[in-house]
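Close look at the chain arrangement
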Amino acid sequence: MAVSSSSASLKSNYAVFRKIESFYTGGPIQVTQAGDYMFCACGSKVNIVDIETGDIVHSIEQDDETEITVFALSNDDEILVTGSQALLLKQWDWLGNKCTRTWKAVHTAPVASMIFDPSSTLLATGGCDSTIKIWDIPRQYCTHNLKGSSGVVHLVKFHPDISQPQLFSSSMDNSIRLWDLKSSQCVSQLDNHYSLVTSLSFCPDNETLISSGRDKICTVWDLKAKKVKSTIPVYETIESVVLLPQELDLSNLGVTKSSTHFLTAGSKGVLRVWDASSATCVHSQSLPHLPAESKVDVIGQHSLMHCSLVPVKSELVSVNVDRNICLYDAQTLELKKQFSGYNGEVLDVRFVGPKDSHIVVATNSPQLKVFELSSSNCQILPGHSDIVLALDVFRKGKLFASCSKDKTFRIWQMTEDGQVLCVAQGMGHTHQVGALACSKTKENFLITASQDRTMKVWLLPKFPTINEKENQIVVLQARQTEVAHDKDVNSVAVSPNDKLVATGSQDKTAKLWNCENCVLLGVFSGHKRGIWCVQFSPVDQVLATSSADGTVKIWDLQDFSCLKTFEGHDASVLKVIFVSEGGQVLSSGADGLLKLWTIKNNECVKTLDAHDNKVWALDANKKDDTVVTGSTDSKVLLWKDVTQTELEEEQAKQEEQILKDQELANLLHKKQFLKALGLALSLDRPHTVLTVIKAILKEPRGKEDLARNLMKLRKDQKEAVLKFSITWNTNTRNCLEAQAVVEILLKHENPEDLLKYEGIKTAVESLLPYTERHFQRLGRLLQASMFLDFMWQNMRLAEAPRWDEDMET
């Protein structure tokens, strides 16, 4: 089997592309007056998101990691206040990312609603304990304790006119209460809604109030008379009402200057504009990218949970039930930008676009999300009516396919400007479609596999370049259906030349088929549990399979024998792909690990640990230098192949080392010991520093030269030499140099300065035992030498008379 012997490594630092994970989990979104940032609640933190790029600028997080239940931004954009499950209120300098004040909320249950008054000096908090507190923020004390509400106070709002110190609130009894802040009394109770009141908006005259509820009506109130002016049936549960400013040109939305108009966001998932005087809808937004016959099915899946206006940018911000954030042009309601707020479990991900400029992500949702890699801009593609399970992309990257639990698959086309539209749909399976594979050479066929144990071959027409207005969805019919396995078919793959098809099943086998007529060519048997993934090699006649038995196997396509088995995962291996031009395979497991295997030597060369749960999604780009992974931990990570970079860095490091070694040798030859010592210390190599010190000590006045050069070093360099001396002192061969360094430092440094050395205590503790041992050894050596001298002298005295006799003779 001919395989590449090159070894690739994947960069462990996955910050190349930010994690696409939850940055919004609930609660209101606040947008500053400058319109540059969004404040999004996410568990125990509030993420501050740059609207232009979608990047999280920074996060404000609770120290105790308790969940934030509500937050509010002051009208001057200076102060952020958060309330948590711990019944604490925190005031933040959000620009400096620091907490400036913490105080008890006084509520006996968590705070459910919060808002600043127009002057940004008063803060109202509505609690789950049926009470409302008002706080003077500059003076830091509670000014009002309003009692009388029923159940959770989920809505509080100050009157926009500062001269009228009033607060409006709503609780679980569906009433709107008007509180006079001078007397701290409820002066009026407005009753017209029969369900939860969700939003309050004041008209410019400050004498008219519009309220919305989940009872599918909006009410216009006369605040002077405290009576209902009109009731507007809107035929959907409403979560937000936005009053449209008259200074904006909204003629495209049917808005005239002569009447009050407001916008609603609710369960239908569309923004609608209403004329308050005539109680009629003058404009309704349409759901994008959906055929008419599908719109009825998806109503309710895209319910809007929040909507707000950014006047300075003439933009509307909406949040739907999937926590996706959309920015619209306020004058036309055209979509400008989308952000994905919550992914749930990532089930599949693929590179798309002619140059792999985007990734498409299938999550635990009927919607697909297409992210542009150069930014965080996201397109959200509705179409399927149930969870999307798998994706695949055609050769050129402009067409890709998705399959779903709704028993269908869809073909999507990316236009030149990066917009994605659905162009075809296929139906025919009796159970959920869990796998599909696209043609590798052309864009003329597709193969799907299902829980109904069959695989189907679908022929595709040539799709012309289309736009949103001309979008016509083609309904496809299967050319051939084949019962492939005895149990669910989990994976299907098409060979690089489009002649073979492989399938993997829960029945523990993989099968090889002729693509033209679906004739069975052979069966791959050997796995002990179900097979999750099959993949053809791009260069060799082999097939890779991954299984729930924790192994990856490489099979010969000629005789269907197992050539290699890779064992290393502690759980099911969910996905496998070939990388490094077929020389390696990359596998992902239910243990959250990625493992890179070199086929030639059966070796796992790298294990990557960045996910916390099952890694279902794994794909490589066309250049084979980038890998994207997705997991049930809601993370999508991008990995770069840095083999060449590491080789270049290593080569540059070696070249730099050679030059420095040569420079050091020249300095020693010229006896420029101070520069040589400084260079050796900069290399952080103890042995090189020892070599320099030995060279200095060999000079006629070695100790004096060493003392002079050592005392010219900086404090941090002296600390480094002392640290190295600890190591040298452990070896008898180098103890003289170590003791010389210690002696010089003790003689020439003040005790006060020595005590300031970093790690001086540890250094002394390490030097003492070995120093004592060296002195003991020297003592024993001195005793032995004295005894030897004594013996020599005695031997000379005993032999002297015989010598004289010999001389006389």
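Residues numbered from 1 in each chain as written. Predicted model: local features only at pLDDT ≥ 70, side-chain atom pairs only at ≥ 80, totals over all residues. Heavy atoms only, no water.

Points about the overall build of the protein chain
This is how the line gets drawn: Helix and strand assignments follow DSSP, with helices taken as H or I runs no shorter than four residues and strands as E runs no shorter than two, numbered in order from the N terminus. With the radius of gyration taken over C-alpha atoms, the globule rule is written as 2.2 Å times the number of residues to the power 0.38. Burial here depends on accessible area, computed with a 1.4 Å probe over protein chains only, as a share of the maximum for the residue type. Under 20% is buried, over 50% is exposed, and the range in between is partly exposed. Residue contacts are defined here by distance: any two heavy atoms, one from each residue, within 4.5 Å place the two residues in contact. With residues, only the protein chains shown are counted as cover, and all accessible areas are computed by Shrake-Rupley using a 1.4 Å probe. Residues scored as charged are limited to Lys and Arg (positive) and Asp and Glu (negative), so that His and the chain ends carry no count. A single reference atom marks each charge: NZ on Lys, CZ on Arg, CG on Asp, CD on Glu.
Looking only at helices and strands, the protein chain features nine helices and 56 strands. Here the C-alpha atoms of the protein chain give a radius of gyration of 38 Å, more than 25% beyond the 28 Å that 2.2 N^0.38 yields for 809 residues. Across its three principal directions, the C-alpha atoms of the protein chain cover 150 × 85 × 45 Å. Residue burial in the protein chain is summarised as follows: out of 809 residues, 52% are buried. In the protein chain, the proportion of contacts linking residues at least 24 apart, taken out of those at least 6 apart, comes to 46%. Accessible surface, the protein chain as shown: approximately 37300 Å² in total, 50% of it carbon and sulfur. Averaging the coordinates of the 86 positive side-chain charges in the protein chain and doing the same for the 99 negative ones gives two points 1 Å apart.

Regarding the domain arrangement of the protein chain
The condition is simple: Where each domain starts and ends follows an automatic or database-derived domain assignment.
You can read the domains of the protein chain as domain 1 (195-342), domain 2 (350-559) and domain 3 (671-781). For domain 1 and domain 3, the distance between their C-alpha centres works out to 77 Å.

Describing helix α7 (residues 735-748)
Heads up, the condition is: Working rule for helices: expected span equals 1.5 Å times residues minus one.
Taking 1.5 Å per residue, 14 residues should reach 20 Å; α7 reaches 20 Å between its end C-alpha atoms and fits that length. Inspection of α7 places C735, E737, A738, A740, V741, V742, I744 and L745 among the buried residues, and these make up the whole buried set.

Some words on the sheet that holds strand β52 (residues 593-598)
Cut-off, in case you're wondering: In short, DSSP must find at least two bridges between two strands for them to pair. All axes here are fitted lines through C-alpha atoms, helices being fitted over the stretch that makes contact, and every angle between N-to-C directions spans 0 to 180 degrees.
The sheet built from four strands is open, its strands ordered β50-β51-β52-β53 with antiparallel pairing. Strand pairing shows two members of the sheet lacking a second neighbour, β50 (573-579) and β53 (603-609), which therefore form its edges. Neighbour to neighbour, the strand axes of the sheet diverge by 20 degrees on average, direction disregarded. Strand direction decides the pairing type here: strand β51 (residues 584-589) and β52, joined by five bridges, are antiparallel. Bridging from a neighbouring strand, S588 pairs with L594 of β52.

A few points about the pattern of salt bridges
Here is the rule we go by: A pairing counts as a salt bridge when a side-chain nitrogen of Lys or Arg comes within 4 Å of a carboxyl oxygen of Asp or Glu.
Tallying each qualifying case throughout the model produces 21 salt bridges. With its nearest N and O atoms 3.7 Å apart, the salt bridge here joins K440 to D392. Within this pair, whereas K440 is found in the loop between β37 (433-438) and β38 (445-450), its partner D392 is found in strand β33 (residues 388-393), the two being separated by 48 residues in sequence. Residue classification places K440 among the partly exposed residues on the basis of a relative accessible area of 30%. The class of D392 is buried, set by a relative accessible area of 9%. For R714, the salt bridge is made with D716, and the minimal N-O distance between the two is 3.0 Å.

Things to note about the pairing of strand β17 (residues 197-202)
Of all six residues in β17, six are buried; the element is thus mostly enclosed. In terms of strand pairing, β17 meets strand β18 (residues 208-213) through five bridges, oriented antiparallel. Of the residues in β18, the one forming a bridge with F202 is L209. The antiparallel pairing of β17 with β18 creates a hairpin that spans five residues between the two strands, and N206 there sits at a positive phi of about 60 degrees.

Looking at the packing of aromatic side chains
The condition is simple: Two aromatic rings, drawn from Phe, Tyr or Trp (for Trp, its six-membered ring), form a pair once their centres lie within 6.5 Å of each other, and the interplanar angle then sorts them: stacked below 30 degrees, edge-to-face above 60, tilted otherwise. Charges are assigned to positions over rings by a cutoff of 6 Å between ring centre and Lys NZ or Arg CZ, combined with an angular limit of 35 degrees from the ring normal.
Taken as a whole, this structure holds 11 aromatic pairs when the rule is applied. Between the aromatic rings of F400 and W412, the centroid separation amounts to 6.4 Å while the plane-to-plane angle is 15 degrees, which identifies the pairing as stacked. Of this pair, F400 sits in strand β34 (residues 399-404) while W412 sits in strand β35 (residues 408-414), and the two are 12 residues apart along the sequence. Comparing F400 with W412 shows no difference in burial state: the two are buried. One aromatic cluster is present, formed by Y37, F39 and W94 through successive ring pairs. One Lys or Arg, R101, reaches over the ring of W103 and ends 3.7 Å from the middle of that ring.

Digging into the sheet that holds β35
The strand order β33-β34-β35-β36-β40 describes an open sheet built from five strands, whose pairing is mixed. Pairing within the sheet leaves two strands with one partner each, and these edge strands are β33 and β40 (474-476). Looking at each pair of strands side by side, their axes are set apart by 25 degrees on average, direction ignored. Across seven bridges, the pairing between β35 and strand β36 (residues 420-427) is antiparallel. In the sheet register, F409 faces β36, and the bridge partner there is G426.

Here we look at the UniProt feature "domain: U3 small nucleolar RNA-associated protein 13 C-terminal" (unreviewed entry) in the protein chain
Selection rule: UniProt positions are given in the numbering used here, feature names are shortened, and annotations may be inferred rather than shown by experiment.
The sites that carry the UniProt feature "domain: U3 small nucleolar RNA-associated protein 13 C-terminal" (unreviewed entry) are, in the present numbering, residues 661-795. Here residues 661-795 runs as 81% helix and 0% strand, with 54 Å between its end C-alpha atoms.

Topic: unusual backbone geometry
Unusually for a residue other than glycine, D498 sits at a positive phi of about 65 degrees. Within the secondary structure layout, D498 lies in the loop between β42 (489-494) and β43 (500-505). Residue C518 is not a glycine yet carries a positive backbone phi of 60 degrees. With respect to the helices and strands, the residue C518 is situated in the loop between β44 (509-514) and β45 (520-525).

Focus on the pairing of strand β20 (residues 227-233)
As paired strands, strand β19 (residues 217-222) and β20 are joined by six bridges and run antiparallel to one another. Bridge pairing in β20 links V220 to S230.

Some remarks on the environment of V346
Tracing the backbone shows V346 in strand β29 (residues 346-352). Among the residues examined, V346 registers a relative accessible area of 0% and is labelled buried. For V346 and T629, which are 283 residues apart along the polypeptide, the C-alpha to C-alpha distance reads 9.0 Å. The residues touching V346, leaving out its near neighbours within four places in the chain, are V361, A362, T363, W616, A617, G630, S631, T632, S634, K635 and V636.

Concerning the environment of P204
By secondary structure assignment, the location of P204 is in the loop between β17 and β18. Separated by 44 residues in the primary sequence, P204 and P160 have C-alpha atoms spaced 9.2 Å apart.

Quick look at the nonpolar core
Note the following rule: By convention a nonpolar core is built from buried Ala, Val, Leu, Ile, Met, Phe, Trp, Tyr and Cys residues, the set being connected through side-chain atoms within 4.5 Å.
Formed by 33 residues in total, the largest nonpolar core has its most connected members in L677, V689, I693, L710 and W728. When neighbours within four sequence positions are excluded, W728 is seen to be in contact with P686, V689, L690, I693, V721, N734, C735, A738 and V741.

Re the confidence of the model for the protein chain
So the rule is basically this: The pLDDT value tells you how sure the predictor is about a given residue, anywhere from 0 up to 100.
Here the protein chain averages 85 in pLDDT, and 91% of its residues register 70 or above. Below a pLDDT of 50 lies the segment residues 289-299, which in the model reaches 16 contacts outside its immediate sequence neighbourhood of four places, other chains included. The low-confidence segment residues 805-809 (pLDDT under 50) makes zero contacts with residues lying over four places distant or belonging to another chain.

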